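Results of the structural survey
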Amino acid sequence: MNAPYMGKFSVSQTYQGAKHDGLDLVGIDSKEIHSTVNGKVVFAGWENEKDPKQGFGKYVKIMKDGTDEGYYFGHLSEIKVGVGDHVKMTQVIGIQGSTGKSTGPHCHYCVRVNGKYQDVSKISGIPNKPGVYDDGYRGPVASGPTPEPKPEFTVGKVYETKVDLNVRTGPGTEYPVKKRTELTSDGQKHAYTQEAAVLKPGTEVRCIELVEKGDRIWIRIPSGWICSREKDTKYIA
Ligand SMILES: [Zn+2]
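First, a word on scope: everything that follows refers to the structure included in this document. Owing to the predicted nature of the structure, the values given are computational and were not obtained by experimental measurement.

What follows concerns the overall build of the protein. On a plain count of helices and strands, the protein comes out with 2 helices and 19 strands. Whereas a compact globule of 237 residues would reach a radius of gyration of roughly 18 Å, the protein reaches 31 Å, over 25% beyond that. With the principal axes as the frame, the protein shows a C-alpha extent of 90 × 30 × 30 Å. With 237 residues in all, the protein has 32% of them scored as buried. Excluding contacts between residues fewer than 6 apart, the proportion of contacts in the protein whose partners are at least 24 apart in sequence is 57%.

Here it is, written out as structure tokens:
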């Protein structure tokens with residue numbers, strides 16, 4: 001089910017084709033009207049400003065992306081979007097009201113294709129039966145200052161290698177592994193006595209620079225570049 005309300009709402013009048021071409025919905029937990037589609041606002045305002053009791057009153061029409069379907073949200077008290085806006089599903093587009101031909105606060109929710117009404121109950125999954133419903137939508141997560149993610153590795157800090165690590169000329173597997181003789185003298189002390197520069201586990205390394213590339217984090221140490229993490233596996237700590 002995909003309703004224009006957050007939390008509980010009721011169906012106060014069913015869809016009956018030509019007789020009533022939409023669902024009348026009343027917000028219980030919230031009066032905010034949310035877009036039910038991703039689309040473009042093609043109308044936002046009074047159906048007839050001179051007669052605020054006419055038709056949909058204040059309403060919003062959104063054309064669903066890539067379709068001929070126009071989604072109408074009628075009888076609003078407030079409109080929060082403008083013509084030309086591209087809205088995302090769940091975005092607040094207005095506040096429930098009783099403008100237009102309405103006897104009490106509700107939202108006339110309907111879908112038309114080239115002016116022809118569609119079965120909005122089928123499209124939305126909202127039951128075509130008076131009652132209280134809930135589509136599970138609880139609104140966006142309260143926004144507030146999000147804590148800065150703690151960096152995994154810090155420039156300037158000393159770490160210990162946990163596995164055999166190739167020392168490369170740059171941050172990536174596309175860079176060749178250095179020769180042992182190209183390491184710093186301290187690096188050579190902690191490398192295997194083979195031609196390629198491979199540091200033994202337990203080597204202390206100072207992080208000079210960090211580069212994140214795909215699944216890997218590379219750090220520069222005085223001797224060159226080593227991989228410090230691959231996916232969930234940390235190679236230094
Ligand atoms: Zn209605």
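The next subject is the pairing of strand β1 (residues 8–13). The two faces of a sheet get side chains in turn, since along a regular strand they alternate between them. In terms of strand pairing, β1 meets strand β11 (residues 131–134) through 4 bridges, oriented antiparallel. The residue of β11 that forms the bridge with K8 is D134. Inspection of the sheet shows β1 paired to strand β2 (residues 23–27) by 4 bridges, in the antiparallel sense. By the bridge assignment for β2, Q13 is matched with D24.

Here we take up the sheet that holds strand β18 (residues 224–230). An order of β16-β17-β18-β19 is seen for the 4 strands of this open sheet, with the pairing classed as antiparallel. One side of each edge strand has no neighbouring strand; the edge strands of this open sheet are β16 (209–213) and β19 (233–234). Of the pairings in the sheet, the one linking β16 to strand β17 (residues 216–221) comprises 5 bridges and is antiparallel in character. The residue of β17 that forms the bridge with E212 is I217.

Calculation criteria
- Residues numbered from 1 in each chain as written.
- Predicted model: local features only at pLDDT ≥ 70, side-chain atom pairs only at ≥ 80, totals over all residues.
- Helix = DSSP H or I, 4+ residues; strand = E, 2+ residues; numbered from the N terminus.
- Rg over C-alpha atoms; globule rule 2.2 N^0.38 Å.
- Buried ≥ 20, exposed ≤ 12 C-beta atoms within 10 Å, placed from the backbone.
- Contact = placed C-beta atoms within 7 Å.
- Pairing = 2+ DSSP bridges.

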